[in-house]
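Fold and geometry: a report
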Amino acid sequence: MLPPEFEYTIKSINSVDAGNEMVRHFKSNFTININNSNEFDQWRHMFEQRNKCQFTIAQTKKCEGCYISFKKLLTCTHNVQNGTVGVRKHTKCPANLWVKMRVIPKRIKRAKFDVESPCEISLTWEHNHPIIAADVLRHHSVDPEVDKKLINLFQHGHSPSSALNCIIMDIEENLQDDEKLEFVLADRAICPDYQHCYYIFQQLFRKQYGDPANNFKLQDFVDETNREIGEVCIVRNDYENSSQVAIVSPFMKRVHEHIEEAGELVFLDSSGGLDRDGLRIFLFMTHSKAGGN
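Everything in this summary refers to the structure shown in the same document. No experiment lies behind these values; they were computed from the predicted model shown.

So, the overall build of the protein chain
Counting its secondary structure elements, the protein chain contains 8 helices and 10 strands. In the protein chain, the share of contacts with a sequence separation of at least 24, taken over all contacts with a separation of at least 6, comes to 53%. A total accessible area of about 19,600 Å² is found for the protein chain, and carbon and sulfur atoms account for 51% of it.

Quick word on the packing of aromatic side chains
Using the criterion set out here, one finds 9 aromatic pairs in the structure. Between Phe154 and Phe201, the aromatic rings sit 5.1 Å apart at their centres with planes inclined by 85 degrees, giving edge-to-face as the arrangement. One end of the pair, Phe154, is in helix α3 (residues 144-155); the other, Phe201, is in helix α6 (residues 194-209), with 47 residues separating them in the sequence. Through successive ring pairs, a cluster of aromatic residues spans Tyr8, Phe26, Phe30, Phe40, Trp43, Phe47, Phe55, Phe70 and Trp125.

With respect to unusual backbone geometry
Phi angles above zero are rare outside glycine, and Lys52 is one such case at about 55 degrees. Topologically, Lys52 is positioned in the loop between α1 (37-51) and β3 (55-61). Take Lys52: its relative accessible area is 29%, and that puts it in the partly exposed class. Here the phi dihedral of Arg88 falls at roughly 55 degrees; this positive angle occurs in a residue that is not glycine. Among the structural elements, Arg88 can be located in the loop between β4 (68-76) and β5 (96-102).

Some words on the nonpolar core
Core analysis: the biggest nonpolar cluster contains 20 residues, and Phe40, Trp43, Leu97 and Ile121 have the highest contact counts within it. Among the elements of the structure, β2 (21-32), α1, β4, β5 and β6 (119-125) are those that each provide at least two residues to this core. Among all residues touching Phe40, those that are not within four sequence positions of it are Ile34, Phe70, Leu74, Leu97, Val99, Met101 and Ile121. The next biggest cluster of nonpolar side chains, apart from the first, holds 15 residues, and it includes Ala163, Ile167, Cys191 and Cys197.

Remarks on the layout of surface pockets
The volume enclosed by the second largest pocket comes to roughly 500 Å³. Forming the walls of the second largest pocket are 23 residues, and the residues nearest its centre are His45, Gln49, Gln54, Asp143 and Ala189. Where the lining of the second largest pocket is concerned, the elements lending two or more residues are α1, β3 and α3.

Definitions and cut-offs
- Residues numbered from 1 in each chain as written.
- Predicted model: local features only at pLDDT ≥ 70, side-chain atom pairs only at ≥ 80, totals over all residues.
- Heavy atoms only, no water.
- Helix = DSSP H or I, 4+ residues; strand = E, 2+ residues; numbered from the N terminus.
- Contact = heavy atoms within 4.5 Å.
- Areas by Shrake-Rupley, 256 points an atom, 1.4 Å probe, with all protein chains shown as cover.
- Phe/Tyr/Trp six-rings, centres within 6.5 Å; stacked < 30°, edge-to-face > 60°.
- Buried < 20%, exposed > 50% of the residue type's maximum accessible area, 1.4 Å probe, protein only.
- Core = buried A, V, L, I, M, F, W, Y, C linked by side-chain atoms within 4.5 Å.
- 1 Å grid on protein atoms, 1.4 Å probe; cavity = no way out; pocket = protein on both sides within 12 Å on 5 of 7 lines; lining within 4 Å.
- Points joined across faces, edges and corners; volume = space filled by probe spheres on them.

Dropping the structure here:
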């Protein structure tokens, strides 16, 4: 269950009798060859991936001694502070992980401290819920690597729904023989829900284009886009408390200029409702030999 990429020294391990049978409940204390918080975060990420469980930081102790750099208590993600048992993911799970990082000065390197493994971890593995179950896996936090995939897809023109479909197809194509598709798709760390995809989409484009309700940012976007194209293709006009934006691509402008027949019949599409930002979109389409524009 421990990531094999690191070196361990097991100091103690005790099984816990849970009812009438021995189950995989235990308490263990061991040291590991990591020297700083970044390496611990890497180990924690690998540990959570390997065991299909997640921990959250519950306490960070103040280090008043000379030889302790940090000391933290991590609890199972199904133990929510001030939560109500049975509501959402809170089961008051007693599983936890204490981590203590030592700083060993050169003058005492021959003392009792383990120089090669300055990080000490006390693990209490007593989950009161299943580990591999859809209702448990769906509460996991999304892996940062998955967020990077979403951002890359959004930058290449995907919407939240199409980006999610790409991730699902990628999961299906790379499914291992010993994995069950229903459990992999239920794991939110690997397969995020649509709400998370939309949240990342909003954060990315709000940072790039500003708040949709901010008309000053909107005008900056219009001016910058026209400047990049080299001609006026977007026009903005304010009406009362709202803004109206007309967009005509260079191809559409050429059709309107050189093909008179394209202006004889115009289709207006206003069947769609408001989007999530409260913006109404109207599409005007005329026909040409190159298709609708």
